[in-house]
Amino acid sequence: MKPTVQVLDSEVAAIHAVRELNQRGYRQEDIFVLTHNDDQTDILAETTNSNKIGVSEEGVFNSLANMFRSQGDELRSKLESIGLTDREAAQYERELDRGRVLVIAKLH
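Reading the values: rules and limits
Residues numbered from 1 in each chain as written. Predicted model: local features only at pLDDT ≥ 70, side-chain atom pairs only at ≥ 80, totals over all residues. Heavy atoms only, no water. Helix = DSSP H or I, 4+ residues; strand = E, 2+ residues; numbered from the N terminus. Buried < 20%, exposed > 50% of the residue type's maximum accessible area, 1.4 Å probe, protein only. Contact = heavy atoms within 4.5 Å. Areas by Shrake-Rupley, 256 points an atom, 1.4 Å probe, with all protein chains shown as cover. Core = buried A, V, L, I, M, F, W, Y, C linked by side-chain atoms within 4.5 Å. Axes fitted to C-alpha atoms, helices over the stretch in contact; angles between N-to-C directions. Left-handed = near helix turned anticlockwise from the far one by under 90°. Nonpolar A, V, L, I, M, F, W, Y, C, P; charged D, E, K, R; others polar. Expected span 1.5 Å × (residues − 1). Pairing = 2+ DSSP bridges.

Colleague: Is there a simple way to explain the overall build of the chain in this structure?
Modeller: Check the secondary structure of the chain and you find six helices and three strands. Evaluated residue by residue, the chain yields a buried proportion of 39% over its 108 residues. Relative to all contacts within the chain whose residues are 6 or more apart in sequence, the contacts with residues 24 or more apart total 59%. With the model as given, the accessible surface of the chain reaches about 6200 Å², and the carbon-plus-sulfur share is 48%.

As structure tokens, then:
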């Protein structure tokens, strides 16, 4: 099933969005945060007790390949690994370029 993606203007908005998803019954392991900056993503994931898109979503090969990709290519690859099309991934990567934050929820 395709994940839902919220595009937010700040980390504070992302914290509230994650909290709302928790209240609606989403499991922590099904909620991901993503920013254009890896350190910012790490801090936000820790603050919200949510996840980063990592090896378990991307697979070992893509995870290793991302070390050699540009930031934009890496972000698009991560977004595609959770079920978005290449076109959707490119659209959301542009939002990240603008400083926005993504909160992604996967349904099971």
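Colleague: What should I look at first to understand the nonpolar core in this one?
Modeller: If you look at soluble globular proteins, the nonpolar side chains tend to sit buried side by side. If you look at the biggest cluster of nonpolar residues, it comprises 13 residues, and the most contacted ones within it are Ala14, Leu21, Ile31, Val33 and Val103. Broken down by secondary-structure element, the contributors of at least two residues to this core are helix 1 (11–23), strand 2 (31–34), helix 2 (38–48) and strand 3 (101–105). Apart from residues no more than four positions distant in its own chain, Ile31 is found in contact with Val18, Leu21, Asn22, Tyr26, Ser50, Asn51, Val103 and Ile104. Listed in part, the twelve residues of the second largest apolar core include Leu34, Leu75, Tyr92 and Leu102.

Colleague: Please clarify how the packing of helix 1 against helix 2 should be interpreted in this entry.
Modeller: Axes are the key here: two packed helices are described by the angle between their axes and the distance separating the axes. Look at helix 1 against helix 2: their axes get within 10 Å of each other, and the N-to-C directions meet at 40 degrees. When you trace helix 1 past helix 2, the crossing you get is right-handed. Counting all contacts with helix 1, which are made through Glu11, Ala14, Ile15 and Val18, the residues of helix 2 involved are Gln40, Leu44, Thr47 and Thr48. Residues that form the contact of helix 1 with helix 2 fall into these classes: four nonpolar, three polar and one charged.

Colleague: So what exactly am I meant to see when it comes to helix 6 (residues 86–97) here?
Modeller: Side chains three or four residues apart in an α-helix point the same way, a direct result of the helix having 3.6 residues per turn. Taking 1.5 Å per residue as the helical rise, helix 6 with its twelve residues ought to reach 16 Å, and the 16 Å between its terminal C-alpha atoms agrees with that figure. Along helix 6, the residues classified as buried are Ala89, Ala90, Tyr92, Glu93, Glu95 and Leu96. Gly99 sits one or two positions beyond helix 6 and adopts a positive phi of about 90 degrees.

Colleague: Please explain the sheet that holds strand 3 as it appears in this structure.
Modeller: Within a sheet, adjacent strands bond to each other through the backbone by hydrogen bonds, running parallel or antiparallel. The three strands are arranged 1-3-2 in an open sheet whose pairing can be described as antiparallel. Either end of the sheet is taken by a strand with one partner, and the two such strands are strand 1 (4–8) and strand 2. Pairs of neighbouring strands in the sheet enclose a mean axial angle of 20 degrees, with direction left out of account. Its contacts with the sheet put helix 1 on strand 1, strand 2 and strand 3, and the angle it makes with strand 3 is roughly 10 degrees. Relative to the sheet, helix 2 contacts strand 2 and strand 3, its axis offset from that of strand 2 by approximately 150 degrees.

Nothing here speaks to function; it is all geometry.
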